[in-house]
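Descriptive structure summary
One letter stands for each residue in the lines below.
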Amino acid sequence: MLNGKNVLLCVTGSIAAYKSSFIIRLLITSGASVKVIMTESAKGFITPLTLGTLSKNPVLTDFIKDEDAGIWNNHVDLGIWADLMLIAPATANTIAKMAKGEADSFLLATYLSAKCPVFVAPAMDRDMYLHGSTKDNLDLLSKRGDKIIESQFGELASGLIGEGRLSEPEEIIDSIVNELRSGKPLLGKRIMVTAGPTFEPIDPVRFIGNRSSGKMGFALAEAAYQAGAEVTLITGPTNQQAGDYIRRIDVETAEDMYQSCITQFQDMQAVIMSAAIADYRPANVSDQKIKKSEGPSSIELARTKDVLHYMGENKMGQILVGFAMETENGIEHAKNKLKKKNLDFIVYNSINEEGAGFQHDTNRVTIIGKDNKMTNFELKSKKEVAEDIINEILNYL
Ligand code: CTP
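Criteria and thresholds
Residues numbered from 1 in each chain as written. Predicted model: local features only at pLDDT ≥ 70, side-chain atom pairs only at ≥ 80, totals over all residues. Heavy atoms only, no water. Pairing = 2+ DSSP bridges. Helix = DSSP H or I, 4+ residues; strand = E, 2+ residues; numbered from the N terminus. Axes fitted to C-alpha atoms, helices over the stretch in contact; angles between N-to-C directions. Contact = heavy atoms within 4.5 Å. Phe/Tyr/Trp six-rings, centres within 6.5 Å; stacked < 30°, edge-to-face > 60°. Lys NZ or Arg CZ within 6 Å of the ring centre and 35° of its normal. Near = heavy atom within 4 Å. Polar contact = N/O pair within 3.5 Å; in protein donor to acceptor, adjacent residues only side chain to side chain. Areas by Shrake-Rupley, 256 points an atom, 1.4 Å probe, with all protein chains shown as cover. Nonpolar A, V, L, I, M, F, W, Y, C, P; charged D, E, K, R; others polar. Buried < 20%, exposed > 50% of the residue type's maximum accessible area, 1.4 Å probe, protein only. Right-handed = clockwise from strand over helix to strand, strands pointing away.

1. A short note on the sheet that holds strand E15 (residues 270–273)
- Taken in spatial order, the 8 strands line up as E14-E13-E10-E15-E18-E19-E21-E22 in an open sheet, and their pairing is mixed. Looking at the sheet topology across the chains shown, the edges are occupied by strand E14 (247–250) and strand E22 (374–376). Strand-to-strand, the axes of this sheet are offset by a mean angle of 15°, without reference to chain direction.
- Seen against the sheet, helix H10 (residues 254–264) touches strand E10 (190–195), strand E13 (230–235), E14 and E15 and runs at an angle of roughly 160° to E13.
- Where helix H13 (residues 382–396) meets the sheet, its contacts fall on E10, E15, strand E18 (319–326), strand E19 (345–350) and strand E21 (366–369), and the angle it forms with E19 comes to roughly 160°.

2. With respect to the packing of aromatic side chains
- Within this structure, the stated rule accounts for 6 aromatic pairs.
- Ring geometry for Tyr225 versus Tyr245: centroids 4.1 Å apart, planes at 25°, classification stacked. In this pair, Tyr225 is assigned in helix H9 (residues 215–226) and Tyr245 in the loop between E13 and E14, connecting sequence segments 20 residues apart.
- Through successive ring pairs, a cluster of aromatic residues spans Tyr258, Phe265 and Tyr310.
- A cation over a ring is seen here: Lys35 above Trp81, with NZ or CZ 4.5 Å from the ring centre.

3. Brief notes about the site of the ligand
- In the vicinity of the ligand there are 14 residues, among which Met273, Ala275, Leu308, Phe323 and Lys337 approach most closely.
- Here a nitrogen atom of the ligand and a backbone polar atom of Lys305 are 2.9 Å apart.
- One nitrogen or oxygen atom from the side chain of Lys341 is found 3.0 Å from an oxygen atom belonging to the ligand.
- About the coverage of the ligand: the protein hides 75% of its 580 Å² of free accessible area.
- The residue inventory of the shell around the ligand, partitioned by class, reads 7 nonpolar, 2 polar and 5 charged.

4. Considerations on the pairing of strand E1 (residues 6–11)
- Counting buried residues along E1, 6 of its 6 residues qualify, which places the element largely inside the surrounding structure.
- Both faces of E1 are covered, namely the face carrying Asn6, Leu8 and Cys10 and the face carrying Val7, Leu9 and Val11.
- Here E1 pairs with strand E2 (residues 33–38) via 6 bridges, running parallel. Pairing of Asn6 across the sheet is with Ser33, part of E2.
- A crossover links E1 with its parallel partner E2, the connecting element being helix H1 (residues 19–29), and its sense is right-handed.
- Of the pairings in the sheet, the one linking E1 to strand E5 (residues 84–90) comprises 4 bridges and is parallel in character. When the sheet's bridge partners are listed, Leu8 is paired in E5 with Met85.

5. Observations concerning H10
- Residues of H10 that are buried: Ala254, Met257, Tyr258, Ser260, Cys261 and Gln264.
- Check the buried side of H10 and you find it contacts E10, strand E11 (200–201), E13, E14, E15 and helix H11 (307–314).

Listed below in structure tokens is the structure:
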């Protein structure tokens, strides 16, 4: 959910400011870009050098960047840049000023300029947190649309035990992710995606594989997650990376893929089979490396199990989506596969098309439904193709 997002982290003067370094780490590992604003008083608790180094961006505090040169920090641009703003820790003082609409610091001016969702994680002593004015201010911010990440009960810097402790960094990130996911169309749905090639061993050194990069499958897993789904990604060997919010299962052979898929598929509402699973494997795998000899050699092949065919015969309400990559008579072959494997729809792409197919970052597909309805899409990034496919699944669900 945070992958590719611009996050503005605002740190105010609380003992809990040290936790902002962990928050930055978590944001960065989730794929976000982070810029940090600190108030003057926050600098007494953690240094700009620490937060600037972790966020890989200069830390901002003042309106003025270079007084002699007349250069200022533009809070309006920063507000536009941000996809979300997180104020953590937020002191009672900053919360009160936010509620009143004051703009006497760079942080507050940026808050007033921001059009993105704003998350506020309060941190203060128990009695300040429980004070009526703090409660009223937080209620007001919440009514205006800011999301409050409630403080936790626990030991406080004053020695008191009670509410007011800044939520732990992991809980703050979880609250943000849950909030961003709420209202997404695939929330509560489980989707399985397969990706990449399979490798069928010949001997301990060699295998039969194919040119699938896994890019399409990984883009589909990400698009399904962005639409709110709980995603299981079963992938053959690739060098693609998936976020840790995606449940990833690595497999190597068509048999591994079959075993993994049939174990998972009963629990799924939709399955997208974009893996290029081998149709044949060497009938016998040599224990030892095969040595060359004079003259030609041959490898006897045996059929692998057709995963999609099995699922088509055994499905219980799951939406089943197949892929057909063809070099000739594509539409006809794709329609046959759709029917033979009992799919809900099939995504056809021709590898003869410029910029489409294995290894490319783009693809040009035609979606063919059970009723033979065909939708042609133009050449697009695999990310956009993935979104089109997820939108089609939404029509079925
Ligand atoms: N597939 C599968 N199990 C296999 C092989 C393929 O589930 N053992 C799936 C692929 O993930 C894809 C679709 O089936 O969604 C492709 O159909 P398939 O008829 O196998 O196409 P090809 O592998 O290209 O084979 P053909 O030579 O028949 O075109």
